Structure formats: structure tokens, C-alpha cells
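# Overview (structure and organization)
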Amino acid sequence: MAKLSGIGCSSKTPTYFLGQSHGFNSVHGRMPSVLTGANLANRDLIYLGVSGDGDSASIGLGQFAHSMRRGVNMVYVVENNGVYGLTKGQFSATADRGSKSKRGVTNTDSAIDMVGLALQLGATFVARSFSGDKAQLVPLVKAAVEHRGAAFIDVVSPCVAFNNHSGSTKSYDYVRAHNEAVNRLDFMPRRDAITTDYAPGSVTDVVMHDGSVMHLHKLADDYDPSDRVRAMNYLAEHAARGQIVTGLLYVDPHADDMHSHLGTVDAPLNSLGEKELCPGAASLEKFNASLR
Ligand SMILES: Cc1ncc(C[n+]2csc(CCOP(=O)(O)OP(=O)(O)O)c2C)c(N)n1
Ligand SMILES: [Mg+2]
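What comes next is a walk through the structure.

Parameters at a glance
- Residues numbered from 1 in each chain as written.
- Chains lettered and ligands numbered in written order.
- Predicted model: local features only at pLDDT ≥ 70, side-chain atom pairs only at ≥ 80, totals over all residues.
- Axes fitted to C-alpha atoms, helices over the stretch in contact; angles between N-to-C directions.
- Helix = DSSP H or I, 4+ residues; strand = E, 2+ residues; numbered from the N terminus.
- Contact = placed C-beta atoms within 7 Å.
- Nonpolar A, V, L, I, M, F, W, Y, C, P; charged D, E, K, R; others polar.
- Pairing = 2+ DSSP bridges.
- Buried ≥ 20, exposed ≤ 12 C-beta atoms within 10 Å, placed from the backbone.
- Arc of directions from axis to C-beta.
- Near = placed C-beta within 6 Å.
- Core = buried A, V, L, I, M, F, W, Y, C linked by C-beta atoms within 7 Å.
- Right-handed = clockwise from strand over helix to strand, strands pointing away.

### Some points on the packing of helix α1 (residues 31-41) against helix α3 (residues 61-69)
The packing of two helices is summarised by the inter-axis angle and the distance between the axes. Interhelical geometry of α1 versus α3 gives an angle of 35 degrees and a closest axis separation of 8 Å. From α1, Pro32, Ser33, Leu35 and Thr36 reach across to α3, where they touch Gln63, Phe64, His66 and Ser67. In terms of residue class, the contact of α1 with α3 is built from 3 nonpolar, 5 polar and no charged.

### A word on the pairing of strand β12 (residues 213-218)
Bridge count for strand β10 (residues 183-188) against β12 is 6 bridges, and the pairing is antiparallel. Residue pairing across strands places Asn183 opposite Lys218, the latter belonging to β12. For strand β11 (residues 203-207) and β12, the ladder comprises 5 bridges, and the chain directions are antiparallel. Note that in β12 the partner of Asp205 across the bridge is His215. Counting the residues in the hairpin turn of β11 and β12 gives 5 residues, including Gly211, whose phi is positive at 95 degrees.

### Quick look at α1
Among all positions of α1, only Met31, Pro32, Leu35, Thr36 and Asn39 are buried. Buried residues of α1 fall within an arc of 130 degrees about the axis and therefore sit on the same side. Relative to its buried face, α1 has exposed residues pointing more than 90 degrees away, namely Gly37 and Ala41. Turning to α1, the residues buried within the fold contact β1 (2-5), β3 (47-52), α3 and β4 (74-80).

### As for the site of ligand 1
Contacts to ligand 1 come from 17 residues, most closely from Gly8, Ser10, Gly52, Gly54 and Gly85. Those elements that place two or more of their residues in the shell around ligand 1 are α2 (53-57) and β5 (83-84). Here the shell around ligand 1 takes 3 residues from α2, the largest share from any one element. Counted by class, the shell around ligand 1 contains 5 nonpolar, 9 polar and 3 charged residues.

### Describing α3
All buried positions along α3 are accounted for by Gln63, Phe64, Ser67 and Met68. Within α3, the buried residues cover an arc of 130 degrees as seen down the axis, which keeps them to one side. Elements in contact with the buried residues of α3: α1, α2, β4, α4 (114-121) and β8 (150-156). Phi for Gly71, located one or two positions after α3, is positive at around 70 degrees.

### Things to note about the nonpolar core
Side chains of nonpolar character tend, in soluble globular proteins, to be buried together. Ranked by size, the top nonpolar core spans 57 residues in total, and within it Val126, Ala151, Phe152, Ile153 and Leu249 carry the most contacts. With 7 residues, the next largest nonpolar core counts Tyr84, Ala95, Ala111 and Cys159 among its residues.

### A few points about the sheet that holds β11
Strand pairing in a sheet relies on backbone hydrogen bonds, with the paired strands running either antiparallel or parallel. Pairing in this open sheet of 3 strands is antiparallel, and the strands run β10-β12-β11 from one edge to the other. Strand pairing shows two members of the sheet lacking a second neighbour, β10 and β11, which therefore form its edges. Here the strands of the sheet are splayed against their neighbours by 20 degrees on average, with no regard to which way each runs. Sheet strands in contact with helix α5 (residues 134-146) are β10 and β12, and its direction is about 50 degrees off that of β10.

### Digging into the sheet that holds strand β9 (residues 179-181)
Strand order across the open sheet formed by 8 strands is β2-β1-β3-β4-β8-β7-β13-β9, with mixed pairing between neighbours. Because the sheet does not close on itself, it has two edges, and the strands there are β2 (22-25) and β9. Taking the axes of each pair of neighbouring strands and ignoring which way they run, one obtains an average angle of 20 degrees across the sheet. Bridging between β9 and strand β13 (residues 244-251) involves 3 bridges; their strand directions are parallel.

### What about the pairing of strand β7 (residues 125-130)?
Of all 6 residues in β7, 6 are buried; the element is thus mostly enclosed. Where burial is concerned, the two faces of β7 agree: the one with Phe125, Ala127 and Ser129 and the one with Val126, Arg128 and Phe130 are both buried. Sheet analysis places β7 next to β8, joined by 6 bridges and oriented parallel. Bridged to Ala127 within β8 is Ile153. With respect to chirality, the unit in which β7 leads through α5 into the neighbouring parallel β8 is right-handed. Where β7 and β13 come together, 4 bridges link them in antiparallel fashion.

This is the structure in C-alpha cells:
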């Protein structure tokens, strides 16, 4: 397991768990490129990137975008509180227009919806949840770990110090009042016997690469998590009504990751020796000839 992060209260999270894992606390907004490099060198690790809304939607927006479109095999978690918590509560790029800071200042800029961006950029597993809803969030994280490709989870995480007051749209009270869950997820690892017992139409099963199964309990009848374009519309329609859509919003169970796009060898690149890396003049000649 390799856990990587940027800078912020959120990016401190990997310090608090998985003490035996590889860890890298990178520069502000640079987690995605450091993670991409590590993943290229050693594809045999589980990659977990933890970031904040400032780290990923402001200084690191470009890095976030390219890790999504390249399909880097990772779980990318943004702890989204709508503020730069560590530097004492300035509005971040995900703060809703019209929401108020703790000091009463109104935010006049449009908000970036990271879920909308991830969908548009080609992420193959896109979800949103709430730090106050463990029952929804934990299976989403488990399923994201088993997904092969870029898995993005936007976790609305109220900042109790700077953004949990009545003018905030990222407070516990506001999110509880406006949360629209599209589905509930059970995650069944492959080692378990899989038995199903459900009323037809109320559950959708998604089989992952390794054979594990996601049971999706539909809460919104009109919601189809396999349709990227409809997911984008659904998100936009509900955002216009002030609703925060949560759950597994999009998944492509047949997704591929960056290594398969690039056609790299199965062995981690950091394990290749001189023989594989310098195959000799004859191989070079053959390769050059193929380009002439
Ligand atoms: C290059 C650089 N610019 C600015 C900063 C100052 N800085 C530290 S954390 C931060 C924002 C963090 O916001 P977010 O990612 O939302 O994390 P939170 O603390 O809210 O979890 C900023 C601007 C920095 N550390 N490095
Ligand atoms: Mg933040």
C-alpha cells in the first residue's frame, strides 16, 4: 500500500493510519504527479491519494485533471470542506457562490464541482459521500480500492473550525438537510460466498475485475450509474435545486488503467534489470528499422 498526499489538514490524514505502508507527503497540489510516477515504477502497490479541495481544486487542479484522464490506478479521495482549513478558512474553489465565511463575507465566485469534473475528464469510478455517513462511505472506499483505473471519491467533510456555521453549504446541518443519495452500496470481496436476495428492480450488481461484487441498492429509481452523460445531467439538475447528490454516481466495471493504455510489461518497471532495459544493438536496429 502506498498513501500519498499534498498539503492541508486533509493531506495530513495518511499520517493517522496504515503505519506500516509507504507514505509520501508531497508539495501542495502535487500528489497526483508523484503518485503517477510511483505507480509507473511499481504497479504492484495499492495507491491511495488523499487531498483537499484547496490542494486539488486550486493549486493542484491541473494535476488532478491529468491523473483522471490518464486512468492512473488509484483511489483519489478529496476531503472537501469548501475552505483552506490549514491556513485558517479562506474560501476554496469548491465553496458555493452565496455561501458565507465564518466572518460573514459572501463568496461571489462560482464553485467547482469536483465530481462533475471527474466525470467529464474520464474517471471510471466516481462517487460522492459525506464524512458524517460512514455506512455509505466505507463500502465506497472498499469498492474503489478494487476498481482498476482512476477512482475518485469526493467526501464532503465539514471543517469544524472554520466552516460549520449557518451560512455554510458544507456544514453538518446543511449537508444532512440537502443530501440526496442515489444508491446504497454493499461490497462483497471475492473470497466471500455471494448470495443475493432482493426484490427485482431494487438492486443492481456490478462485478469488479477481481470478481468482487458491488450490490447497489437503488434509492432513486431513475438513476443509472453506468451512463456517464446521464450522470452529468443528473448531477447538474440536482445541483441547480441545491441538492447534494451522493452515492456511486458512475462506474465502468470494464475500465483499464494507464499501464494498459501504455502497453507496459506486467512486471513492475523498478524490478527490470539491465538485460531487459538494454536488450542490445540488434534490438535497437530492429526498432529503428520499424520507424523508417
Ligand atoms: C506552494 C504553496 N502555496 C501555498 C501554501 C499554503 N497553504 C497551505 S495549506 C493550503 C490550503 C489547503 O486547503 P485544502 O487543500 O482545502 O486543505 P484543508 O486544510 O482544508 O483540509 C495553502 C494555500 C503552501 N503550503 N504551499
Ligand atoms: Mg479544504
